[in-house]
Amino acid sequence: MPAMPKTHTARGVEPGPAPPSPVALPDLSTVWLRTFLDVARHGSFTVAARELGWTQSAVSRQVSALEAALGGAPLFDRLPRGVRPTAEGRALLPHAEEVLARLHRAAGELAALRDGTGGPLRIGAFATADAGLVPRALARFRDRHPGVVLTHEEGRTPALLSRLTEGGLDLAVVSTTGGALPEGAHDFHHLLDETLYVALPAGHPLAAEPELRLPRLAAEDWITGSPHIEGSLLRLALRHGFRPRVAHVVAEWTAKQGYVAAGLGIALIPQLAAESARPDITLVPLRDDSAPAREVYAATARGRAAPSAATAFLAALRHAAAGL
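These numbers come from a predicted model, not from an experiment.

*Asks:* What is the right way to read the overall build of the chain from this model?
*Replies:* Tallying secondary structure elements over the chain gives nine helices and 14 strands in all. For 324 residues, the compact-globule formula gives about 20 Å, and the C-alpha radius of gyration of the chain, at 34 Å, lies well above that figure. When the backbone C-alpha atoms are referred to their principal axes, the chain occupies close to 105 × 70 × 35 Å. Taking as baseline every contact in the chain between residues at least 6 positions apart, the subset at least 24 positions apart corresponds to 71%. For the chain, the exposed area adds up to about 18,100 Å²; of that, 55% sits on carbon and sulfur atoms. For the chain, the distance from the average position of its 33 positive side-chain charges to the average position of its 32 negative side-chain charges is 5 Å.

*Asks:* Explanation requested: the sheet that holds strand β5 (residues 119-125) in the structure shown.
*Replies:* What the five strands build is an open sheet, ordered β6-β5-β7-β14-β8; its pairing is mixed. Looking at strand neighbours, the two that pair on one side only are β6 (148-154) and β8 (186-194), the edges of this open sheet. When the angles between neighbouring strand axes are averaged without regard to direction, this sheet yields 20°. In this sheet, strand β14 (residues 294-301) lies alongside β8 in antiparallel orientation, the contact comprising eight bridges. Directly across from H186, in β14, lies its bridge partner A301. Strands β5, β6, β7 (171-175), β8 and β14 of the sheet are contacted by helix α6 (residues 157-166), whose axis makes an angle of about 155° with β7.

*Asks:* Please explain the packing of helix α2 (residues 45-52) against helix α3 (residues 56-69) as it appears in this structure.
*Replies:* In helix packing, the relevant descriptors are the interaxial angle and the interaxial distance, both defined with respect to the helix axes. In contact at an axis separation of 8 Å, α2 and α3 are set at 105° when each is read in the N-to-C sense. By the angle class used here, α2 and α3 are roughly perpendicular. On the side of α2, the interface is formed by F45, T46, A48, A49 and L52, while α3 contributes Q56, V59, S60 and V63. Residue composition of the contact of α2 with α3, by class: six nonpolar, three polar and no charged.

*Asks:* I tried to follow the packing of aromatic side chains on my own but got confused; where do I start?
*Replies:* By convention here, two paired aromatic rings are described through the distance between centres and the angle between planes. If you walk through the whole model with that rule in mind, you get four aromatic pairs. Here the aromatic rings of F36 and F76 are separated by 5.4 Å at their centres, their planes lie at 45°, and the arrangement is tilted. Here F36 is found in helix α1 (residues 30-42), whereas its partner F76 is found in strand β3 (residues 76-78), with 40 residues between them in sequence. Of the two residues, F36 and F76, both sit in the buried class. Of the aromatic side chains, those joined through ring pairs into one cluster are F36, F45 and F76. Lying over the aromatic face of W253, K256 brings its terminal NZ or CZ to 3.7 Å of the ring centre.

*Asks:* Just checking my understanding: could you explain α1 for this structure?
*Replies:* Counting along an α-helix, one turn takes 3.6 residues, and residues three or four places apart therefore face a common direction. Taking 1.5 Å of rise per residue, 13 residues should cover 18 Å, and α1 covers 18 Å from first to last C-alpha, within 8% of that figure. Of all the residues in α1, the buried ones are W32, L33, T35, F36, L37, D38, V39 and A40. Packing partners of the buried residues in α1 comprise α2, α3, β3, β4 (83-85) and α4 (87-115). Of the residues flanking the start of α1, the one acting as N-cap is S29, its side-chain oxygen 3.1 Å from the backbone nitrogen of V31.

*Asks:* What is the right way to read the side chain of T35 from this model?
*Replies:* You can see T35 is positioned in helix α1. Side-chain polar atoms of T35 contact the backbone oxygen of V31, separated by 2.7 Å. For T35, the residues in contact, after removing those within four places along its chain, are L52, W54, V59, Q62 and V63.

Calculation criteria
Residues numbered from 1 in each chain as written. Predicted model: local features only at pLDDT ≥ 70, side-chain atom pairs only at ≥ 80, totals over all residues. Heavy atoms only, no water. Helix = DSSP H or I, 4+ residues; strand = E, 2+ residues; numbered from the N terminus. Rg over C-alpha atoms; globule rule 2.2 N^0.38 Å. Contact = heavy atoms within 4.5 Å. Areas by Shrake-Rupley, 256 points an atom, 1.4 Å probe, with all protein chains shown as cover. Lys, Arg positive; Asp, Glu negative; His and termini not counted. Charge placed at Lys NZ, Arg CZ, Asp CG, Glu CD. Pairing = 2+ DSSP bridges. Axes fitted to C-alpha atoms, helices over the stretch in contact; angles between N-to-C directions. Parallel < 35°, antiparallel > 145°, perpendicular 65-115°, else oblique. Nonpolar A, V, L, I, M, F, W, Y, C, P; charged D, E, K, R; others polar. Phe/Tyr/Trp six-rings, centres within 6.5 Å; stacked < 30°, edge-to-face > 60°. Buried < 20%, exposed > 50% of the residue type's maximum accessible area, 1.4 Å probe, protein only. Lys NZ or Arg CZ within 6 Å of the ring centre and 35° of its normal. Expected span 1.5 Å × (residues − 1). Polar contact = N/O pair within 3.5 Å; in protein donor to acceptor, adjacent residues only side chain to side chain.

The following block contains the structure:
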């Protein structure tokens, strides 16, 4: 008899049968799965019991509990000598192996995170910290923790602190360049206080001075990284009653040194960038009793558990800072 055509309604074709309801997720014990795999591997309840250090009846109870949780179908056929997985048992085998393998991997990853030997670590730093401090710490950390996958980004202190707050970084190296660091959301771990230097062209009249104070430099042209000196190292000049005349705004420290060497102005250079100074400029220590030295910290987000590797990296930073 030919199939009857589908009937049409004003709204279109009559709907077909509803899809089957999803199967309920079974509540399983990993002990049951491990016992099941041992029995399947050895083809014997007796051998599995011996390997597990249990009685044979205990192994049978674990398998029976697994069968009941999965709907009651037997997972093994009992043979004259040993057992063999049924169709249901053969279907379960790859899933049981995958579940236990994934759990083993998860346990390994969690252990690596716990003891700091593996897992990811996300750090950030401001530009001059990347000139020497952070690379030294990274080299030391990598030698001692080769399994940690470390990612790094560079930015200004306010942006780095925001990334910490948002959860995008585990640790950031920051400074007091723009003023005091904000309290409340972060923990700050002191690394060092930086000496500041005045970078002068080699033939500048003040290049032979043992140290300089800012008021003597009020008439100079300056090279700085921002036209807004309130957020830069040059904010120190405001304490002495003058606003520096910014001749050129240059972001990179190496470029700033090039401008200074060409006689286009002078610049303030922090200690972390001083070791890479060009030979055709002169660095004279800045003395400023009215302001503290620039402070450098490692920052972490308060109230959020950082990975153990962050503690190890902080130790590497402190070791590198001590060497400076």
